[in-house]
Amino acid sequence: VFLGNGPSGICLSYLLSGYIPYFKRSSLHPHPILQRKLEEAPNVSILDQDLEYLSEGLEGRSHSPVALLFDTLQRPDTDFGGTAESVLTWWHETNRAIPHLVLGRNAPGGAWHSIEGSMVTLSRGEWMGLPDLPFKDWIKQKRRGLRNNRATAEDIAQYYQHYVMKKGLQKNFRCGTVVTSVRKVSADNVSNHAQKDLQENSDSLWNFSERSTEVFQVDGFFRTVRGDKEPFSVYAENVVLATGTYDSPTWLGVKGENLSYVHHQLSALEEAVRSNSIGIMSDPVLIVGAGLTAADAILFAHHCNIPVIHVFRRRVSDPGLIFNQLPKMMYPEYHKVHQMMKEQTADCAGPYECYISFPEHHVLSFGKDKKCIFQDKNGYQKVYKVSMALVVTGSNPNLSFLPNNGIDLAISSDQPVNPKRNPIDIDPFTYECTQEKGLYALGPLAGDNFVRFVQGGALAVASSLLKKANKNPP
């Protein structure tokens, strides 16, 4: 059972549906050592080879060796601007399929359906694609190109839905489901009739191996067409956590943050403009944060001529700031925000109207009179009256369905799970949780934050599950 039907879950469903990757014999990979390794066993699928051996020595923009491996097999020279074709060929071996269920709140594509449709992706369009259906080929069928090689969130959401249908995976997906609990139970206590809820024609899904003494019980409900909640319970030997991190915006934890004018999602600003509750003559909007969502909010407000006060903790030149890691040519709009942050501070008037930045400041409190107090690194305080405040400093996964909110699974087991600072502790070549056998974590929960790299995790999980099911060829 997979929890989450975003790109991680879709990719893993593809692999477990019997689609097996092999090295394409006529291919030449630009990495000579990897090419030599691939030529050693051309008749053995990538899933059945030693992933640690294949990925050894690879370097790139991910900390996961398997993520780098699967990425470079699909897009061999993409980091150098190349367009070399994948060195993989896919075979559909139905005898190797492993029955599974993919549970998700939305349609296939996960959180991509919750993002404003016109928003342009950070990653290049071709990096958003899934195995054996290049995104650029799909977008060409829509008879339009990619702006700066990037796609809109609406494109991505439609592509993921199309992928599930095109590859015939829809029978594995149950949309509109909310999982409320995942826990280990004794296999002896599992009654056969409890499996009927989500089963349909998947008898073999519930045939536990004889060696299983414990299984996972997954409880939840799914929403019917009429809006009713129907409870379900399913049992599985293995559960994959692929719920992403879009669930819970991070709060600052300061006084007044729960007041009605303080919001934590970009959609609140868009709605306020749409309903004319803020406009050109309003008091400024306070935007807190220095990531891409904050930049999107600033661009949106700037476009609507709404004044902005921008507060963030870091220095503008901090190398950890995302703007200092993005190529200017590819991301002109984010480069513009970065320029505004540098050139239009409270101490130094610049060329941009309706915007003031406060680097190295943090919010102390939000007042009922809409007066916000923030403080600089030297302890000096400033007070500004605002029309609304938007706190966009990241988000945390919602793992309330796990015992102790999943904290026991994290690298630091005394802190909440966080994709950047404290991901779930996994084996890097199987993605199985170190603290709980049979439980796997994919995507942001395991520290992989880009669609391009979550797919390597799916490869690792599929390889591990095939070994457990003993569906590997001799």
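Predicted model, so just to flag it, every value in this text is computed and none were measured.

## Here we look at the overall build of the chain
- Within the chain, the regular secondary structure consists of 11 helices and 22 strands.
- Here the chain holds 474 residues, and 52% of them are scored as buried.
- Working note: accessible area of the chain is about 22,700 Å², and carbon and sulfur atoms make up 49% of it.

## Focus on the sheet that holds strand β19 (residues 381-385)
- A sheet is described by the order of its strands in space; here 3 strands give the open sequence β17-β18-β19, paired in antiparallel fashion. In the strand order of this sheet, the two ends are held by β17 (361-366) and β19, each with one partner. Across the sheet, the mean angle separating the axes of adjacent strands is 30 degrees when strand polarity is ignored.
- Note: β17 against strand β18 (residues 371-376), 5 bridges, orientation antiparallel. Within β18, the position partnered with His362 by the bridge is Gln375.

## Quick look at helix α1 (residues 7-16)
- The buried fraction of α1 is high, at 10 of 10 residues.
- Along α1, the positions that sit buried rather than exposed are Pro7, Ser8, Gly9, Ile10, Cys11, Leu12, Ser13, Tyr14, Leu15 and Leu16.
- The positive-phi residue at the C-terminal boundary of α1 is Gly18, with phi of around 95 degrees.

## Quick look at the environment of Cys354
- With respect to the element layout, Cys354 can be found in the loop between α10 (332-343) and β16 (355-358).
- Look past the residues within four positions of Cys354 in its chain and what remains in contact with it is Asn305, Ile306, Pro307 and Val308.

## Overview of the sheet that holds strand β20 (residues 388-391)
- One open sheet accounts for 5 strands, arranged β13-β20-β14-β15-β16; its pairing is parallel. Strands with a single pairing partner mark the edges of an open sheet, and in this sheet they are β13 (262-263) and β16.
- Where strand β14 (residues 285-288) lies against strand β15 (residues 308-311), 4 bridges are found, and the strand directions are parallel. Bridging across to β15, Ile287 finds its partner in His310.
- Of the strands in this sheet, β14, β15, β16 and β20 touch helix α9 (residues 292-303), which is tilted by about 165 degrees from β15.

## So, the side chain of His264
- Residue placement: His264 occurs in the loop between β13 and α8 (266-274).
- Classification of His264 as buried rests on a relative accessible area of 11%.
- A polar contact is formed between the side chain of His264 and the side chain of Glu257, at a distance of 2.8 Å.
- Sequence-distant contacts of His264, that is, excluding residues within four places in its chain, are made with Pro249, Thr250, Trp251, Glu257, Leu390, Val391 and Val392.

Criteria and cut-off values
- Residues numbered from 1 in each chain as written.
- Predicted model: local features only at pLDDT ≥ 70, side-chain atom pairs only at ≥ 80, totals over all residues.
- Heavy atoms only, no water.
- Helix = DSSP H or I, 4+ residues; strand = E, 2+ residues; numbered from the N terminus.
- Buried < 20%, exposed > 50% of the residue type's maximum accessible area, 1.4 Å probe, protein only.
- Areas by Shrake-Rupley, 256 points an atom, 1.4 Å probe, with all protein chains shown as cover.
- Pairing = 2+ DSSP bridges.
- Axes fitted to C-alpha atoms, helices over the stretch in contact; angles between N-to-C directions.
- Contact = heavy atoms within 4.5 Å.
- Polar contact = N/O pair within 3.5 Å; in protein donor to acceptor, adjacent residues only side chain to side chain.

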